[in-house]
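Chain by chain, the residues:
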Amino acid sequence: MGSESKIVLVTGGSGLVGQAIKTVIDEEKKSGSAEVGNEKWIFCGSKDGDLRNKKETEALFEKHKPTHVIHLAAMVGGLFHNMAHNLDFFRDNMAINDNVLYASYKHKVQKVVSCLSTCIFPDKITYPIDETMVHNGPPHSSNYGYSYAKRMIDVLNRGYAEQHGCRFTSVIPCNVFGPHDNFSLATSHVIPALIRRMDDAVTNGDKTFSVWGTGSPLRQFIYSLDIAKLFVWTLRHYDSVEPLILSVDEEDEVTISKAAEAIKKAHGFAGEIVYDTSKADGQYKKTASNKKLRSLYKEFTFTPFEQAIQDTVTWFKNNREHARL
Ligand code: NAP
Ligand code: GFB
């Protein structure tokens, strides 16, 4: 190791959130921030090792000898991908999570921050949702595989803390979008799907654009660069095993329709938005409270939704040929 006292391994580092963290860290390095000068950051994707495989996971940790881990690697997808592959989401993510946390324990990693999601909370719940509710009932039927696998991260964190004194914790982001997102139609989340499909509609000169479902479900959307800053802050300053919700405010929740209108405006699409109600709506809402985060990190400000959408549409138009389509 060079002069740095921390080696931070980011699993899932080639994805939406991982690349946003890389952008934030690169900016900190450029500005000469003291903290980052003490840290070596390594961003890994599946080409560096398939984390479903215990031996490949061990080899990755042996190679990099991390002192800290941000664990993002996962099988990730939108509503329709989850509905069609609940078993795969469960098995792949159970394997990845068990391998990464076991390797972190064996390699005496000082701290691990793993990633849950607000979509894993119980479907029948009171609002706003908070961190104490993770296991209070079954998740929504559309993504039970992903949800139960994610909940086991919290179970593993508590087990490693009790049995081995490990400092393993987790954060719970709301829906994330931004540059380097997954824009493929088969697997993507709603925002990148609408951005990509509307780019096609503009190119084709379409007069109408179809949003799937009724457009009435509610979502809290966080810009990837904002969640990235919060991840870096959590790694450096949050030391409880209890999960921490990383979400925009409850009042920033928007309907799918509002998100589609913002994307229409950013694309300058002149056609009419129509709704394909033959497609599922999924969970109606999963409104989460960011009160605990606000109490710990008072000065944080979120990027306004419309600006974040505009930035992402601009990024997509400028990088379509390199994007995950
Ligand atoms: P993403 O863009 O799909 O990236 C997933 C990352 O995981 C990629 O770097 C991918 O590597 C890696 N990965 C997948 N399978 C792997 C395997 N078997 N072995 C090694 N690496 C593997 O996803 P994301 O949106 O950045 O998600 C990052 C984390 O945030 C995930 O834990 C996700 O559950 C969580 N999260 C996401 C959202 C959201 O709305 N996007 C919301 C809440 C929580 P390659 O691409 O190189 O294969
Ligand atoms: O992001 P999304 O796919 O997943 O959003 P969730 C689905 C909502 O957007 C549904 C509507 O109401 C869809 O009907 N929608 C409209 C579309 N047009 C489209 C489109 O072209 N593509 C997609 N995908 N949706 C996921 C969980 O739930 O949240 C995952 O299933 C993950 O496990 C993710 O945690 C964060 O927000 O419904």
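A quick note: this is a predicted structure, and the numbers were derived from the prediction, not measured.

## A look at the overall build of the protein chain
Part 1 of the argument: Across its full length, the protein chain carries eleven helices and twelve strands.
Part 2 of the argument: The globule rule puts the C-alpha radius of gyration for 325 residues at 20 Å, and the 19 Å found for the protein chain is close to it.
Part 3 of the argument: Its C-alpha atoms put the protein chain at 60 × 45 × 40 Å along the principal axes.
Part 4 of the argument: Burial analysis of the protein chain (325 residues in total) assigns 54% to the buried set.
Part 5 of the argument: By element, 52% of the accessible surface of the protein chain is carried by carbon and sulfur atoms, the whole surface being about 14,400 Å².

## Thoughts on the site of ligand 2
Part 1 of the argument: Around ligand 2 lies a shell of 25 residues, among which Cys119, Asn175, Arg219, Ala280 and Asp281 are the nearest.
Part 2 of the argument: Between Val190 and ligand 2, the recorded distance is 2.9 Å, taken from a backbone N or O atom to an oxygen atom.
Part 3 of the argument: In the environment of ligand 2, a nitrogen atom lies 3.1 Å from a nitrogen or oxygen atom belonging to the backbone of Trp212.
Part 4 of the argument: Relative to its unbound accessible surface of 710 Å², ligand 2 loses 97% to contact with the protein.
Part 5 of the argument: At the level of secondary structure, the elements contributing two or more residues to the shell around ligand 2 comprise helix H4 (79-84), helix H7 (190-204) and strand S7 (208-212).
Part 6 of the argument: Looking at which element gives the most residues to the shell around ligand 2, the answer is H7, with four residues.
Part 7 of the argument: Taken together, the residues of the shell around ligand 2 sort by class into twelve nonpolar, nine polar and four charged.

## Comments concerning the pattern of salt bridges
Part 1 of the argument: Per the stated rule, a full pass over the model turns up 21 salt bridges.
Part 2 of the argument: Across the pair Arg236 and Glu39 runs a salt bridge whose closest N-O atoms are separated by 2.8 Å. In this pair, Arg236 sits in helix H8 (residues 224-237) while Glu39 sits in strand S2 (residues 39-43), placing the two residues 197 residues apart along the sequence. Assigned by exposure class, Arg236 and Glu39 land together as buried.
Part 3 of the argument: With its nearest N and O atoms 3.3 Å apart, the salt bridge here joins Lys124 to Asp123.
Part 4 of the argument: One salt-bridge network, in which partners are shared between bridges, spans Lys6, Glu28, Glu35, Glu39 and Arg236.

## Observations concerning the packing of aromatic side chains
Part 1 of the argument: Evaluation of the coordinates by the stated rule reveals 16 aromatic pairs.
Part 2 of the argument: When the centroid spacing of 5.9 Å and the interplanar angle of 45 degrees are considered together, the rings of Phe177 and Tyr223 count as tilted. With Phe177 in strand S6 (residues 175-177) and Tyr223 in strand S9 (residues 221-223), the pair connects residues that are 46 residues apart, well separated along the chain.
Part 3 of the argument: The class for Tyr223 is buried, based on a relative accessible area of 6%.
Part 4 of the argument: Geometrically, the ring pair formed by Trp233 and Tyr297 is stacked, given 5.0 Å between the ring centres and 20 degrees between the ring planes. A residue pair is termed long-range when its members are at least 10 positions apart, and Trp233 in helix H8 and Tyr297 in the loop between helix H10 (291-296) and helix H11 (305-319) qualify at 64 residues.
Part 5 of the argument: By the ring-pair criterion, three or more aromatic residues cluster together here, those being Tyr102, Tyr105, Tyr160 and Phe168.

Rules used in this analysis
- Residues numbered from 1 in each chain as written.
- Chains lettered and ligands numbered in written order.
- Predicted model: local features only at pLDDT ≥ 70, side-chain atom pairs only at ≥ 80, totals over all residues.
- Heavy atoms only, no water.
- Helix = DSSP H or I, 4+ residues; strand = E, 2+ residues; numbered from the N terminus.
- Rg over C-alpha atoms; globule rule 2.2 N^0.38 Å.
- Buried < 20%, exposed > 50% of the residue type's maximum accessible area, 1.4 Å probe, protein only.
- Areas by Shrake-Rupley, 256 points an atom, 1.4 Å probe, with all protein chains shown as cover.
- Near = heavy atom within 4 Å.
- Polar contact = N/O pair within 3.5 Å; in protein donor to acceptor, adjacent residues only side chain to side chain.
- Nonpolar A, V, L, I, M, F, W, Y, C, P; charged D, E, K, R; others polar.
- Salt bridge = Lys/Arg side-chain N within 4 Å of Asp/Glu carboxyl O.
- Phe/Tyr/Trp six-rings, centres within 6.5 Å; stacked < 30°, edge-to-face > 60°.

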